[in-house]
Structures are given as C-alpha cells and as structure tokens.
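# Observations on the model geometry
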Amino acid sequence: AVRTLGWSLGPRARGQLMSGAMAHEEQCSLMGGIFVLFMQVGLGFTCFMVLVWKKLLENGQRTWLELLLDTSKQLIQAGWLNMANMIFATLSASELPGVDACAWYSANIWMDSTVGVMMEWGMLAGFSTLLALTRHREAIELLETGSYWSGTGSDRSFRKENYLCQLLLWLTIVTTTKISLLALLHVLPYIAFAVSGLLTLLDADRRVKLFVVMVVLPMTFSIFQFVITDSFLQRRPAHARLGQLDFEAAQLRCVPGEDEKEIVQKASGGACLICGV
C-alpha cells in the first residue's frame, strides 16, 4: 500500500513517505532479541499465576490437574497467537503510511482480547449446543470442554484422547477467529491508524515503546483474556450440564423416590440418560 501510494506522488513526496516508513520500521522491530524473549516468558508466567490465584478463589471441585490441563490450552493458544501476531505485524509494517509493526501488533492484541474472546465463546457455545442435539453420547463425552475422565470414584481414569480432541477443537476455533480478525483489520484500517496515533507518544525511546507494546499492553489484555476464557473452558458444574443431558428425561426414567442430587450424579456421571443403566 505504501509503495502504491508512493508512486502516485511526486519524487520528493515519494521519497519522504518511504523514508518515514523505513524510520518507523527501524524504530520498532518485534522479531528476535533476548529482550523480547524475556518479556514473553514473563508474560506467560504472570498469566499462569493469575489463573492459580483464580483457582484459589473458586469454590468448585476443579482439581489442580484439571486447572493445568485447562490452562495448557490457553498457553498453547497464546503461543500460536503471539507468533501469528508478530509475523503479521512484521509483514504489514509497510502497508499503511506511518503505521509500524508495533501498531499492528498492538491492534491485534486488542482485537484478540475483546472481539476475539466473544467470537470464541460464541463458537464454542454454538458447537456444544449442536453436539448436544445429536444425542451422540460418545462424542459428547469426548468433546465436553474440561472433561478429561471416564468412570467415577476409584474407577475414574484419565482419557488423553479427550484432552487432545478438545485441544484440537479449541485451536480450530482460535484459528478461525484469528483469520476473521485479520480480515477485519484489513477492511477497517482505522483501528491500526488509531493505535499508531497513540503509540507515537512513545517514539522518543524505542525500548520504552517496545516494553509498552510487548509487556504492558499484552499483560493487561492477556490477563483479562485468560480469566474470561478460563471461565468457559473449564468443565461446567453438573447442574449446569443437565440441559444437555435432558433433565426431564432423566427425572422421568429414574426410580421413584430418588432426590435431585442422585439424579444429577447419575445423569452427569453415568453413560446413559436412563438412570441406573
């Protein structure tokens, strides 16, 4: 875009435009460097500790292993999105005059943590609803988010295929969302221009600007994103899942005299809607 716009101007204006774009690129380089590596490791550790703090405040029955498995999905997602954002920001640094890689990267971070989270929640919720309508017990047990076990009590065993299939599903949702957001940024470049205008206040010191772009902004938005996403990636309580398991059908087919707690245990932990089977 810069090159196309440049050739439509006179030689002097074209030279000023290209030199300005090169100056921006030299001032904010996102790829490589031990400084960037330490910032990213620190960011990931901070987000993980926030989720540990969230676990301590929870009153649910999620175990520490389940927290680790739930969190690993987000850490893998964060690594994939961070790599995609840096590559896209570097490749797009010369597309708009005055918009450098830092501006593109910050715009991506903001979009991922706001619009992206809403899209991911909507797609996961929609998929879960459609899956429940199929009444396919094996598929529901395999892809129910946050569910990694089979059996109950002493017979409970970890099912790695549950985790791997749920991870694949989640990364598919994340990738679909990312592609949609990248298209949206190209359709609405005003977002990148607005972010670039704010970041010009930090142009005097490259390291300060890089610190804000690679640590302050990602940490602020990522903490919000991790906490919100964790709330719908973890397994829902049994009473919240009864909508999928058809509470009325379970209640009608249970032995007369059983209370709601027993119905919940059988409907959520058993293999069939018919209690006792």
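Here the structure is shown first, and the text comes after it.
One structure accompanies this document, and this report is about it. (Residues numbered from 1 in each chain as written. Predicted model: local features only at pLDDT ≥ 70, side-chain atom pairs only at ≥ 80, totals over all residues. Heavy atoms only, no water.)

## A word on the overall build of the protein chain
- Across its full length, the protein chain carries 13 helices and two strands.
- When each of the 277 residues of the protein chain is scored for burial, the buried share is 41%.
- Pairs at least 24 residues apart make up 69% of the contacts formed inside the protein chain by residues separated by at least 6 positions.
- Carbon and sulfur atoms make up 69% of the accessible area of the protein chain, which amounts to about 15000 Å² in all. (Helix = DSSP H or I, 4+ residues; strand = E, 2+ residues; numbered from the N terminus. Buried < 20%, exposed > 50% of the residue type's maximum accessible area, 1.4 Å probe, protein only. Contact = heavy atoms within 4.5 Å. Areas by Shrake-Rupley, 256 points an atom, 1.4 Å probe, with all protein chains shown as cover.)

## Brief notes about the nonpolar core
- Ranked by internal contacts, the top residues of the largest apolar core, which has 22 residues, are Val 99, Trp 104, Tyr 105, Leu 185, Leu 199, Val 213 and Met 214.
- Secondary structure elements with two or more residues in this core: helix H4 (64-92), helix H5 (101-113), helix H8 (160-187), helix H9 (190-199) and helix H10 (206-233).
- The element that contributes the greatest number of residues to this core is H5, accounting for eight residues.
- Within the second largest apolar cluster, nine residues are counted, among which are Leu 81, Val 117, Leu 169 and Ile 173. (Core = buried A, V, L, I, M, F, W, Y, C linked by side-chain atoms within 4.5 Å.)

## What to know about the packing of aromatic side chains
- On inspection of all chains with the given rule, the structure shows four aromatic pairs.
- Taking 5.6 Å as the distance between ring centres and 85° as the angle between the ring planes, the aromatic pair formed by Phe 88 and Trp 104 counts as edge-to-face. Of the two residues, Phe 88 is situated in helix H4 and Trp 104 in helix H5; the sequence distance between them amounts to 16 residues. In this structure, Phe 88 and Trp 104 share a single accessibility class: buried.
- Lys 55 extends its terminal NZ or CZ atom over the ring of Trp 64, reaching a point 4.7 Å from the ring centre. (Phe/Tyr/Trp six-rings, centres within 6.5 Å; stacked < 30°, edge-to-face > 60°. Lys NZ or Arg CZ within 6 Å of the ring centre and 35° of its normal.)

## Considerations on a nonpolar patch on the surface
- Together, Ile 34, Leu 37, Phe 38 and Val 41 line one region of the surface with nonpolar side chains, adding up to about 450 Å² of accessible area.
- Here Ile 34 lies in helix H3 (residues 34-57). (Patch = residues over 30% accessible without salt bridge, like charges linked within 9 Å, V, L, I, M, F, W, Y side chains within 5 Å. Salt bridge = Lys/Arg side-chain N within 4 Å of Asp/Glu carboxyl O.)

## Describing the packing of H5 against H9
- One way to put it is that H5 packs onto H9 with a least axis distance of 8 Å and a crossing angle of 115°. At the point where H5 passes H9, the crossing takes the right-handed sense. Note on element contacts: H9 touches H5 through Ile 191, Ala 192, Val 195, Ser 196 and Leu 199, opposite Cys 102, Ala 103, Trp 104, Ser 106, Ala 107, Trp 110 and Met 111. (Axes fitted to C-alpha atoms, helices over the stretch in contact; angles between N-to-C directions. Left-handed = near helix turned anticlockwise from the far one by under 90°.)

## Focus: the environment of Thr 114
- Examined against the element boundaries, Thr 114 turns out to sit in the loop between H5 and helix H6 (115-134).
- You can call Thr 114 partly exposed: its relative accessible area is 22%.
- C-alpha of Thr 114 to C-alpha of Phe 221: the two residues are 107 residues apart in sequence and 8.3 Å apart in space.

## Details of the pattern of salt bridges
- Applying the stated criterion to the full structure yields 12 salt bridges.
- In this structure, the salt-bridge partner of Glu 58 is Arg 62, at a minimum N-O distance of 2.7 Å.
- You can call Arg 62 buried: its relative accessible area is 9%.
- Note that Arg 137 is salt-bridged to Glu 141, the shortest N-O span being 3.8 Å. On the criterion of helical spacing, the pair formed by Arg 137 and Glu 141 is a turn pair, its members being four residues apart in helix H7 (residues 137-143).
- A residue is classified by how much of its surface remains accessible, and Arg 137, at 37% relative accessible area, is partly exposed.
- Within the structure, one salt-bridge network assembled from shared partners comprises Lys 54, Glu 58, Arg 62, Asp 70 and Asp 230.

## Topic: the side chain of Gln 234
- The topology assignment puts Gln 234 in the loop between H10 and helix H11 (238-245).
- At 3.4 Å, the side chain of Gln 234 and the side chain of Glu 58 are in polar contact. (Polar contact = N/O pair within 3.5 Å; in protein donor to acceptor, adjacent residues only side chain to side chain.)

## Points about H6
- With 20 residues, H6 should reach 28 Å at 1.5 Å per residue; the first-to-last C-alpha distance of 29 Å fits that figure.
- Of the residues trailing H6, Arg 135 is marked for its positive phi of about 60°. (Expected span 1.5 Å × (residues − 1).)

## As for the side chain of Asp 230
- By the element assignment, Asp 230 lies in helix H10.
- In this view, Asp 230 contacts Leu 51, Lys 54, Glu 58, Arg 62, Asp 70 and Gln 74; residues no more than four positions away in its chain are not counted.

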